[in-house]
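# Examining the three-dimensional arrangement
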Amino acid sequence: MIPLIEKDSLEQIKNFQEQKLAELLQYISQNSPFYKRLFAGQNIDISKVKTLEDLQHLPVTTKEDLQEYNDDFLCVPQNKIIDYASTSGTLGDPVTFGLTDSDLDRLAYNEAISFACAGIAEGDVVQLMTTIDRKFMAGLAYFLGLRKLKVGVIRVGAGIPELQWDSILKYKPSYLITVPSFLLKLIEYAEAHGIDYNNSSIKGAICIGESLRNQDFSMNILSNKITEKWNIKLFSTYASTEMSTAFTECEHGVGGHHHPELIIVEVLDENNIPVKDGEIGELTFTTLGIEAMPLLRFKTGDIVQLHNSPCACGRNTLRVGPVVGRKKQMIKYKGTTLYPPAMNDVLSGFDNIENHIIEISTNDLGTDEIVIKIAAKNQSSEFLQEIKDHFRAKLRVTPKIEFASKETLNPLVFNPMSRKPIRFFDYRV
């Protein structure tokens, strides 16, 4: 199930997107209070925007814009809204998104072609190990996409390894949709209870929320720890509530594939100028085909690299590489630029570590200070030194590391008000 446009030439894809961009600009200039005001205030003539390159002449939209003027982004009356979703609020106040009936159809189509990219097909059964309630768009999107693919869905929800294994052994799903670190808990439970997990029905897992790969697409420590024990295929997927679109890996594992019918992608530098090919920058997108809350040049805060070479799967679309980090989470520490995913990856290499958090604050000199608190089975000074040596080898710097109890860290990481584990706490001034 590869949409024909994804096999088209780059020129055909570009022409298609430029036509859809013109339609979007007309639509938001007529229906979005926010963009009407923005275009009028900056004397923007949308008729002059004819190519993707012309996007540079338009202003960007930020998370702060969405938070401050949330309702002004709505392009339809309230009685057209069928579903209300909200962002997770990882880096600020949550934002509400309304979806029309048409938007829900688009969401289902996006996930259907994304799951098909990973090899899921009619006749498969998939265990959904994420929440579908609490205004969580992704859980709903997964269900709608799988339904559109005519795939069986087992809605188990998050957590509880015993319940997950009961369901796997009873319904025999072929794929899981889950946070990858939870797969380690499934393995641990299976080993403790005599479950032969390598002879289960599971062929693969669509992994959300955590990175599986290094920047060269090699498997990172987390994915290696999983696959060294469990012979299943792992697929990474990247998405957000704001874009209502996913970038999912195919079987070749070289980045999340772009769906040009649904979204225009740019990677921008600090001055909102597109970076050169192969350089990292902030992923910025323009949505296509959204009725209720379309976005123009929305800056995600995620630092990524795009890949433009054709993929062996037959798609000619660009691919989004693993997220380097969140722009607001960038840390300057002793002259080195760090992002939390790199530190998480170092800590994932230690089986002895049961949980951890990363705290960032501003010290008396006005620079960034890092404190990593870990819950470990072995809290010896020798183990602490081993962790520090590993940080120095991998990241060239050693942050302050302290031992803490699981009882202290678990409520912080697994906050019942959050849909994702929280390991990064930013207290900087």
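Residues numbered from 1 in each chain as written. Predicted model: local features only at pLDDT ≥ 70, side-chain atom pairs only at ≥ 80, totals over all residues. Heavy atoms only, no water.

## Description of the overall build of the protein
This is how it is decided: Each helix is a run of H or I in the DSSP string that is no shorter than four residues. Each strand is a run of E no shorter than two, and both are numbered from the N terminus. C-alpha atoms define the radius of gyration in this analysis, and the globule rule sets the expected value at 2.2 Å times the number of residues to the power 0.38. Note on classification: 1.4 Å probe, protein chains only; a residue is buried when its accessible area is under 20% of the maximum for its type, exposed when over 50%, partly exposed between these limits. Values of accessible area rely on a 1.4 Å probe in the Shrake-Rupley scheme; residue burial ignores everything except the protein chains shown. Counting rule for charge: Lys and Arg are taken as positive, Asp and Glu as negative, and neither His nor the chain ends is counted. Taken as the charge location is NZ of Lys, CZ of Arg, CG of Asp or CD of Glu.
Regarding its fold elements, the protein presents 11 helices and 20 strands. Taken over the C-alpha trace, the protein has a radius of gyration of 22 Å; the compact-globule value for 429 residues is 22 Å, and the two agree within 12%. For the protein, the spread of C-alpha atoms along the three principal axes comes to 65 × 60 × 40 Å. Within the protein, the proportion of its 429 residues that are buried is 51%. If you sum the accessible surface of the protein, you get close to 19800 Å²; carbon and sulfur atoms cover 50% of it. Computed over 46 positive and 55 negative side-chain charges, the separation of the two mean positions in the protein equals 1 Å.

## Quick look at the packing of aromatic side chains
In this description, an aromatic ring pair is defined by two values, namely the gap between the centres and the angle between the planes. We count it as follows: Here a Phe, Tyr or Trp ring, Trp counted by its six-membered ring, pairs with any other such ring whose centre lies within 6.5 Å, and the pair is stacked when the planes are under 30 degrees apart, edge-to-face when over 60, and tilted otherwise. Our definition puts a charge over a ring when NZ of Lys or CZ of Arg is within 6 Å of the ring centre and also within 35 degrees of the ring normal.
If you walk through the whole model with that rule in mind, you get 11 aromatic pairs. Ring geometry for Phe285 versus Phe298: centroids 5.4 Å apart, planes at 50°, classification tilted. Here the residue Phe285 occupies a position in strand β11 (residues 280-287), and Phe298 occupies one in strand β12 (residues 298-307), the gap between them amounting to 13 residues. Taken together through their ring pairs, the aromatic side chains of Phe34, Tyr35, Phe39, Tyr69 and Phe73 make up a single cluster. Lying over the aromatic face of Tyr69, Arg37 brings its terminal NZ or CZ to 5.1 Å of the ring centre. Above the ring of Phe143, the side-chain terminus of Arg155 is found at 5.9 Å from the ring centroid.

## Quick look at the pairing of strand β8 (residues 245-248)
This is how it is decided: A pair of strands counts as paired when DSSP detects no fewer than two bridges linking them.
By the alternation rule, side chains of β8 split into Thr245 and Phe247 and Ala246 and Thr248, which are all buried. Adjacent in sequence and paired antiparallel, strand β7 (residues 233-240) and β8 are bridged by four residues, among which Ser244 carries a positive phi angle near 50°.

## Here we look at the pattern of salt bridges
The condition is simple: When a carboxyl oxygen of Asp or Glu lies within 4 Å of a side-chain nitrogen of Lys or Arg, that pair is called a salt bridge.
The tally for this structure, following the rule as stated, stands at 22 salt bridges. In this structure, the salt-bridge partner of Glu249 is Arg213, at a minimum N-O distance of 2.5 Å. With Glu249 in the loop between β8 and β9 (256-257) and Arg213 in the loop between β6 (204-207) and α8 (221-227), the pair connects residues that are 36 residues apart, well separated along the chain. With respect to class, Glu249 is no different from Arg213; both count as buried. The salt bridge partner of Arg428 is Asp368, with a shortest N-O separation of 3.1 Å.

## Quick word on the nonpolar core
Across soluble globular proteins, nonpolar side chains show a tendency to be buried alongside one another. Counted only if it meets this: Nine residue types can take part in a nonpolar core, namely buried Ala, Val, Leu, Ile, Met, Phe, Trp, Tyr and Cys, and a core is a set of them joined through side-chain atoms within 4.5 Å.
With 37 residues, the main nonpolar core has Leu25, Tyr35 and Leu296 as its most contacted residues. Secondary-structure elements contributing two or more residues to this core are α1 (10-31), α2 (33-41), β10 (263-268), β11 and β12.

## Observations regarding the side chain of Asp302
Note the following rule: A 3.5 Å cut-off defines polar contacts: any pair of N or O atoms within that distance qualifies, except that in protein one atom must be a possible hydrogen donor and the other a possible acceptor, and neighbouring residues in sequence count only when both atoms are side-chain atoms.
Residue position: Asp302 is located in strand β12. Residue class for Asp302 comes out buried when judged on its relative accessible area of 8%. Within the structure, the side chain of Asp302 is placed 2.6 Å from the side chain of Tyr238, a separation counted as a polar contact.

## Considering the UniProt feature "domain: AMP-dependent synthetase/ligase" (unreviewed entry) in the protein
What counts is decided by this rule: UniProt positions are given in the numbering used here, feature names are shortened, and annotations may be inferred rather than shown by experiment.
Here, the residues flagged by UniProt with the feature "domain: AMP-dependent synthetase/ligase" (unreviewed entry) are residues 149-285. A helix fraction of 23% and a strand fraction of 28% characterise residues 149-285, whose end C-alpha atoms lie 26 Å from each other.

## Examining the packing of helix α6 (residues 161-171) against helix α7 (residues 180-192)
Packed helices, taken two at a time, are described by their axes: the angle between them and the distance between them. Cut-off, in case you're wondering: For helices, the fitted axis covers only the stretch in contact; all axes are lines through C-alpha atoms, and the angles between them, taken along N-to-C directions, range from 0 to 180 degrees. Orientation labels follow simple angle bins: below 35 degrees gives roughly parallel, above 145 gives roughly antiparallel, 65 to 115 gives roughly perpendicular, and whatever is left gives oblique. By definition in these notes, contact holds between two residues if any of their heavy atoms fall within 4.5 Å. Lys, Arg, Asp and Glu make up the charged group, whereas Ala, Val, Leu, Ile, Met, Phe, Trp, Tyr, Cys and Pro make up the nonpolar group; the residues left over, Gly among them, are polar.
For the pair α6 and α7, the least separation of the axes is 9 Å and the interaxial angle reads 80°. When the axes of α6 and α7 are compared, the pair comes out roughly perpendicular. Contacts between α6 and α7 involve Pro161, Glu162, Gln164 and Trp165 on the former and, on the latter, Phe182, Lys185, Leu186, Tyr189 and Ala190. Looking at the contact of α6 with α7 residue by residue, the class counts come to six nonpolar, one polar and two charged.

## Some words on the sheet that holds strand β20 (residues 424-426)
Where strands meet in a sheet, backbone hydrogen bonds hold them as pairs that are either parallel or antiparallel. One open sheet accounts for four strands, arranged β19-β18-β17-β20; its pairing is mixed. Strands at the two margins of the open sheet, each flanked by one partner only, are β19 (400-403) and β20. On average, each strand axis in the sheet is inclined to that of its neighbour by 20°, with strand direction left out of account. In terms of strand pairing, strand β18 (residues 368-376) meets β19 through four bridges, oriented parallel.

## Things to note about α6
Inclusion rule: Comment: arc refers to directions from the helix axis out to C-beta atoms.
Within α6 the residues assigned to the buried category are Gln164, Trp165, Ser167 and Ile168. For α6, the buried positions fall inside an angular range of 160° around the axis, keeping them on one side. Where α6 is buried, its residues meet β3 (125-128), β4 (152-155), β5 (175-178) and α7.

## So, helix α5 (residues 137-148)
Heads up, the condition is: One fewer than the residue count of a helix, multiplied by 1.5 Å, yields its expected span.
Taking 1.5 Å of rise per residue, 12 residues should cover 16 Å, and α5 covers 16 Å from first to last C-alpha, within 8% of that figure. Burial in α5 covers these residues: Met137, Ala138, Gly139, Ala141, Tyr142, Leu144, Gly145 and Leu146. Buried positions along α5 lie against β1 (83-86), β2 (96-99), α4 (101-117), β3, β4 and β5. Immediately beyond the C-terminal end of α5, within one or two residues, lies Lys150, with a positive phi of roughly 65°.

## Focus: the environment of Ile290
Mapped onto the fold, Ile290 is located in the loop between β11 and β12. Remark: the alpha-carbon pair of Ile290 and Asn214, spanning 76 residues in sequence, is separated by 32 Å. Ile290 has contacts with Tyr27, Asp103, Arg106, Met243 and Ser244, leaving out every residue within four places of it along the chain.

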